[in-house]
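An overview of the molecular structure
Now for the letters of each chain:
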Amino acid sequence: EHIEKFVCPTITSDQILDGKPFRFSLDRRPHVALVMSEPEYQTETTLTAFANRVLRRDFRLSFLYADPADPDRLTGVEALDDADAALISVRRRALPKEQLDAFRRLVASGKAVVGIRTASHAFAIRQGPPPAGRDLWPEFDRDVLGGNYHGHHGNKDASGYTTYVQVQPDRAAHPILKGMPAAEFRVYSSLYTTSPLAAKATPLMLGRAEAGSPQEPVAWTNTNTGGGRVFYTSLGGPQDFELPPFQRLLTNAVYWAAGKEPPAP
């Protein structure tokens, strides 16, 4: 009883099968690697819980986190070579070159990429060269996500950021917007400045900081340099994960990126 209760639950199939977790031969679910390494928005908690609750039924999931001993290094990065899609929530990390090369291979092979919030500056540091042995990819936002991040509005009141977003009416039929409200609604992430997007990018939602302020794209699709599907949203703060429209948006985006029909609302 002691062995079954306290020892067996700590042993996983990858420890026995040469580093690769067991997979049933009839398990044809797409493999999504979720990459979380940012100190600001708690996505190692919110995104992990979301994926386990919403995505696990139809996808095989791998979770890559920052190494506790070195935040600029990821654990489990080898999962990217087997993944069909990557969901990225990373902020300003100078990764070892061999780890960043795994992301480059994923993109070059035409695999799908979904980015939230700080993925727009995932592999770029504020200034200067990276430390020895580390690598950067500042063009990731432009060339892969199709974005143009260059700061954010400071529109914060006592209840949090006051950002209002809305589906573009002429894009409402897109699968990623299935079940999304047509009316404007509030989110709790500051509004990123992202205009102008890359020529190939297709904006799906726009946001504003306050009445009369310029609108900025907050969600769009793109085709990356390897030909793979891309979705990015500048939303993704902790409170956003509590909002049903954001949950629906992210659910639809992952299914769309993997070439699957999003579930019914």
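A few words now on the sheet that holds strand β6 (residues 112-116). Reading across the sheet, the ten strands line up as β3-β2-β1-β4-β6-β14-β13-β12-β10-β11 and stay open at both edges, with mixed pairing between neighbours. Across the chains shown, the open sheet's two edge strands, defined by having one partner strand only, are β3 (70-74) and β11 (185-187). If you compare each strand with its neighbour and ignore which way they point, the axes differ by 20° on average. Alignment of β6 against strand β14 (residues 229-233), held across four bridges, turns out to be parallel. Residue pairing in the sheet places Val113 in a bridge with Val230 of β14. In the packing of helix α4 (residues 97-108) onto the sheet, the strands contacted are β1 (31-37), β3, β4 (85-90) and β6, and the crossing angle to β3 comes to about 45°. Strands β1, β4, β6, β11, β12 (202-208), β13 (216-223) and β14 of the sheet are contacted by helix α6 (residues 244-257), whose axis makes an angle of about 165° with β14.

Applying the stated criterion to the full structure yields ten aromatic pairs. For the ring pair Phe123 and Phe140, a centre distance of 5.2 Å and an interplane angle of 80° mean the geometry is edge-to-face. One end of the pair, Phe123, is in the loop between β6 and β7 (134-135); the other, Phe140, is in helix α5 (residues 140-145), and 17 residues separate them in sequence. Phe140 matches Phe123 in its accessibility class, with the two residues each being buried. With centroids separated by 5.1 Å and ring planes inclined at 65°, the aromatic side chains of Trp137 and Phe140 adopt a geometry described as edge-to-face.

Among the secondary structure elements, Glu38 is positioned in the loop between β1 and α3 (43-55). Although Glu38 is buried, it makes no salt bridge; Arg91 carries the closest opposite charge, 6.5 Å away. In this structure the side chain of Glu38 is engaged in a polar contact, spanning 2.6 Å, whose partner is the backbone nitrogen of Tyr41. At 2.6 Å, the side chain of Glu38 forms a polar contact with the side chain of Thr43. Once you skip the residues sitting within four places of it in the chain, Glu38 turns out to touch Thr43, Glu44, Ser89, Val90, Arg91, Arg93 and Thr118.

Calculation rules
- Residues numbered from 1 in each chain as written.
- Predicted model: local features only at pLDDT ≥ 70, side-chain atom pairs only at ≥ 80, totals over all residues.
- Heavy atoms only, no water.
- Pairing = 2+ DSSP bridges.
- Helix = DSSP H or I, 4+ residues; strand = E, 2+ residues; numbered from the N terminus.
- Axes fitted to C-alpha atoms, helices over the stretch in contact; angles between N-to-C directions.
- Contact = heavy atoms within 4.5 Å.
- Phe/Tyr/Trp six-rings, centres within 6.5 Å; stacked < 30°, edge-to-face > 60°.
- Buried < 20%, exposed > 50% of the residue type's maximum accessible area, 1.4 Å probe, protein only.
- Lys, Arg positive; Asp, Glu negative; His and termini not counted.
- Salt bridge = Lys/Arg side-chain N within 4 Å of Asp/Glu carboxyl O.
- Polar contact = N/O pair within 3.5 Å; in protein donor to acceptor, adjacent residues only side chain to side chain.

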